[in-house]
Amino acid sequence: MRIIGITGGIGSGKSAVLNILKNEYNAKVYEADKLVHDLIKKGMPLYESYISLLGKDILDADQELDHKKIAGIVFLDKEKLAALNDLVHPSVKEYILSLIKKEKQNGTKVFVIEAALLIQDGYKKICDEIWFIHVPKKVRIERLIESRGYTREKCETIINKQPSSSYFYKNADHVIENDENFIELSEKIGDLLQKS
């Protein structure tokens, strides 16, 4: 089974890459952020840990964790973001390792993990290769304004808190330039999958 890690900054188009891998190449795709959402539901072990770290104000009316409130806190507080990452990432990694084992048994050919902190969290040890999805900062900002309704200022704040492109270039095995159209993106992915 080929294990591919997908990473890149916000607005780089990682979702488009994941959709192509899943729909055109039958890859099993797992997004770390979505796995976190499963692991922090009420009754799950990380639920109480989040409340202990960030307080009860992060709960919504149904006593579930409110992701917008959490994001509002951690994007403004580096120490809380670091503490949250230290809490969450080991649990997610353990869960992903169990998924890898399961998919190997099922005969899966391509297993894909997507995470913004893929390299920082040591997924190079788990993945056969890391793909960095790159888009110029200007294009990323335009996409985020259009797709998420963010202000230019909010885009700049988020992007500036993420690692630079040079960090990803240095640590990735392959770089996909994703500033072109969907057909060309699909062709680039196909070419990479055929390389080994």
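Details of the structure are given in the entry above.
Within any chain, residue numbers begin from 1 and follow the written order of that chain's sequence. For a predicted model such as this one, the threshold for reporting local features is a pLDDT of at least 70, and the threshold for listing and counting side-chain atom pairs is 80 or more; totals across whole chains, interfaces and linings nevertheless cover every residue. Derived side-chain values reflect all non-hydrogen atoms in the structure, with water molecules and hydrogen atoms excluded from consideration.

Engineer: Could you clarify how one ought to interpret the environment of Lys80 in this entry?
Structural biologist: Along the chain, Lys80 falls in helix H5 (residues 78-105). Burial classes: relative accessible area under 20% of the type maximum marks a residue as buried, over 50% as exposed, and values in between as partly exposed (1.4 Å probe, protein chains only). Residue Lys80 is classed as partly exposed on the basis of its relative accessible area of 31%. The spacing of Lys80 and Leu53 is 27 residues in sequence and 7.8 Å in space, taken between C-alpha atoms. Contacts are residue-level and defined by heavy atoms, with any inter-residue pair within 4.5 Å sufficient. Sequence-distant contacts of Lys80, that is, excluding residues within four places in its chain, are made with Leu53, Leu54, Ile73 and Val74. The helix count covers DSSP runs of H or I at least four residues long, the strand count covers runs of E at least two residues long, and both are numbered beginning at the N terminus.

Engineer: Even after reading the chapter, I still don't get the pairing of strand S3 (residues 110-114), so can you show me in this structure?
Structural biologist: Regular strands place their side chains on alternate faces of the sheet. In terms of burial, S3 is a largely internal element, five of the five residues being buried. What you see with S3 is no split at all: Val110, Val112 and Glu114 on one side and Phe111 and Ile113 on the other are buried throughout. Any two strands are treated as partners once DSSP identifies two or more bridges connecting them. Bridge count between strand S1 (residues 2-7) and S3: five bridges; the pairing is parallel. The partner of Arg2 across the bridge, within S3, is Val110. Alignment of strand S2 (residues 28-31) against S3, held across four bridges, turns out to be parallel. Across the sheet, residue Lys28 finds its bridge partner in S3, namely Phe111.

Engineer: How do you make sense of the pattern of salt bridges when you look at a structure like this?
Structural biologist: Two side chains that carry opposite charge are able to pair once their charged atoms sit near each other. Salt-bridge detection follows one rule: a side-chain nitrogen of Lys or Arg within 4 Å of a carboxyl oxygen of Asp or Glu. Under the counting rule described, the total for this entry stands at four salt bridges. Residue Glu31 pairs with Lys34 through a salt bridge whose shortest N-O separation is 3.3 Å. Take Glu31: its relative accessible area is 22%, and that puts it in the partly exposed class. Its salt-bridge partner being Lys137, residue Glu156 comes within 2.9 Å of it at the nearest N-O pair. Taken as a pair, Glu156 in helix H7 (residues 152-161) and Lys137 in helix H6 (residues 137-148) lie far apart in primary sequence, 19 residues in all.

Engineer: How do you make sense of the packing of aromatic side chains when you look at a structure like this?
Structural biologist: In this description, an aromatic ring pair is defined by two values, namely the gap between the centres and the angle between the planes. Only the six-membered ring of Trp is used, alongside the rings of Phe and Tyr, when aromatic pairs are assigned; centres must lie within 6.5 Å, and planes under 30 degrees apart are stacked while those over 60 apart are edge-to-face, with the rest tilted. One pass over the full model with this rule turns up four aromatic pairs. Centroid distance Phe132 to Tyr169: 5.4 Å. Interplanar angle 85°. Geometry classified as edge-to-face. Taken together, the positions of Phe132 in strand S4 (residues 129-134) and Tyr169 in helix H8 (residues 165-171) put the pair 37 residues apart, joining distant regions of the chain. Under the relative-accessibility criterion, Tyr169 is labelled partly exposed at 38%. Taken together, the aromatic side chains of Phe132, Tyr167, Phe168 and Tyr169 make up a single cluster linked through ring pairs. Two conditions define a charge sitting above a ring: the NZ of Lys or the CZ of Arg must be within 6 Å of the ring centre, and it must be within 35 degrees of the ring normal. The lysine or arginine in question, Lys93, covers the ring of Tyr123, its NZ or CZ lying 5.3 Å from the ring centre. The ring of Tyr150 carries Lys154 above its face, with NZ or CZ at 4.2 Å from the centroid.

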